[in-house]
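Below are the chains, spelled out letter by letter.
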Amino acid sequence: MFSDHALAASFLSPLVLQSPRYLSDVDPWHGHIPFAFWATLQLRPSTFVELGTHKGDSYLAFCQAVKHLGLSTACFAIDTWAGDEHSGLYDASVLKSLRLVHDQEYSKFSQLIQAKFDEAVNQFEAETVDLLHIDGLHTYDAVKHDFETWSPKISPQGVVLFHDTNVRDRNFGVWRFWSEISKKYPNFEFKHSHGLGVLGVGKNLPEPFLNFLNLGAFERQTTMDYFAILGHRSYLLRRVDDLTGQQRNLERELSQIYGSRCWRFTAPLRKSVTAFRSIFSASGGNAMPRPGR
């Protein structure tokens, strides 16, 4: 039973239960989209910055929440859009595809900044970033450097998110940095979808969000399970879209086959084969002519 009924009720917000409008084929962040909606609802950040955006699943989820709530949040996605050792290298088509969605839906309050994180940091004033999502190169040194470089930009209401806190292979070191930094601030860690660490860095966090970070063991586990279930729903929505697309492609291919000249010309042959199979089956398989002695 939740002692904070208002917090529990906020988890049932229509926004939290909303379906994501955009899901790419890169799914590790899909499971955290409902929490992204809730965090935006509670924090109502003036400035949101994401370090490492790739195809945009996490970033566009936050933008969707900002637009839905009618907030005046300024959103910034920072990435080279060239890839790295963990995401893999990719070409300009990734950013081009992202822009097609982003520019139409969110360009009034959002910018995609193609730059290295260290190059972009000076574009932001000190203590102005209310929500920072770190999801770039996932080595220990890289994550620590990103946090330390951007820490002066975090506001007194600031929260920092770390993706992949639950990945311990391929030289991922977020888990290691998280184990260190989470000892210094109020925090919450989701284990599903590669893990998401939520760090309350600011000293003046909104009360509902601070209550979330300070949940007791039972309520914390219940919250983890709840958002994991909602997150799995996002994954299933993506799979349904994939299967629906595959079905449509197959139907289109079949339509092309059935409408082809070759299919029409071979219709008599197919009828003959069908008739032969029926006769062969009815005779118990003995209708085949025997070879002469």
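Definitions and limits used
Residues numbered from 1 in each chain as written. Predicted model: local features only at pLDDT ≥ 70, side-chain atom pairs only at ≥ 80, totals over all residues. Heavy atoms only, no water. Phe/Tyr/Trp six-rings, centres within 6.5 Å; stacked < 30°, edge-to-face > 60°. Helix = DSSP H or I, 4+ residues; strand = E, 2+ residues; numbered from the N terminus. Buried < 20%, exposed > 50% of the residue type's maximum accessible area, 1.4 Å probe, protein only. Contact = heavy atoms within 4.5 Å. Axes fitted to C-alpha atoms, helices over the stretch in contact; angles between N-to-C directions. Parallel < 35°, antiparallel > 145°, perpendicular 65-115°, else oblique. Left-handed = near helix turned anticlockwise from the far one by under 90°.

Undergrad: Explain the packing of aromatic side chains to me, using residue names and the numbers behind them.
TA: Tallying each qualifying case throughout the model produces 26 aromatic pairs. Between phenylalanine 11 and phenylalanine 227, the ring centres sit 5.3 Å apart and the planes meet at 80°, which makes this aromatic pair edge-to-face. Here phenylalanine 11 is found in the loop between α1 (5-10) and α2 (33-43), whereas its partner phenylalanine 227 is found in helix α9 (residues 217-258), with 216 residues between them in sequence. Accessibility classification places phenylalanine 11 together with phenylalanine 227 in one group, the buried group. Here the aromatic residues Phe11, Phe35, Trp38, Phe188, Phe190, Phe209, Phe212, Tyr226 and Phe227 are joined through ring pairs into a cluster of three or more.

Undergrad: Which residues make up the environment of glutamine 111, and what values do they have?
TA: Topologically, glutamine 111 is positioned in strand β5 (residues 110-114). For the pair glutamine 111 and valine 49, spaced 62 residues apart in sequence, the C-alpha to C-alpha distance is 9.8 Å. For glutamine 111, the contacting residues outside a window of four places in its chain are Tyr59, Cys75, Phe76, Ala77 and His102.

Undergrad: Help me get a handle on the packing of helix α3 (residues 57-69) against helix α4 (residues 93-105), residues and values and all.
TA: Here α3 crosses α4 at 10°, and the two axes come no closer than 11 Å. Overall, the two elements α3 and α4 adopt an arrangement that is roughly parallel. Between α3 and α4 lies a crossing whose hand is left-handed. On α4, the residues that touch Tyr59, Leu60 and Lys67 of α3 are Leu98, Val101, His102 and Glu105.

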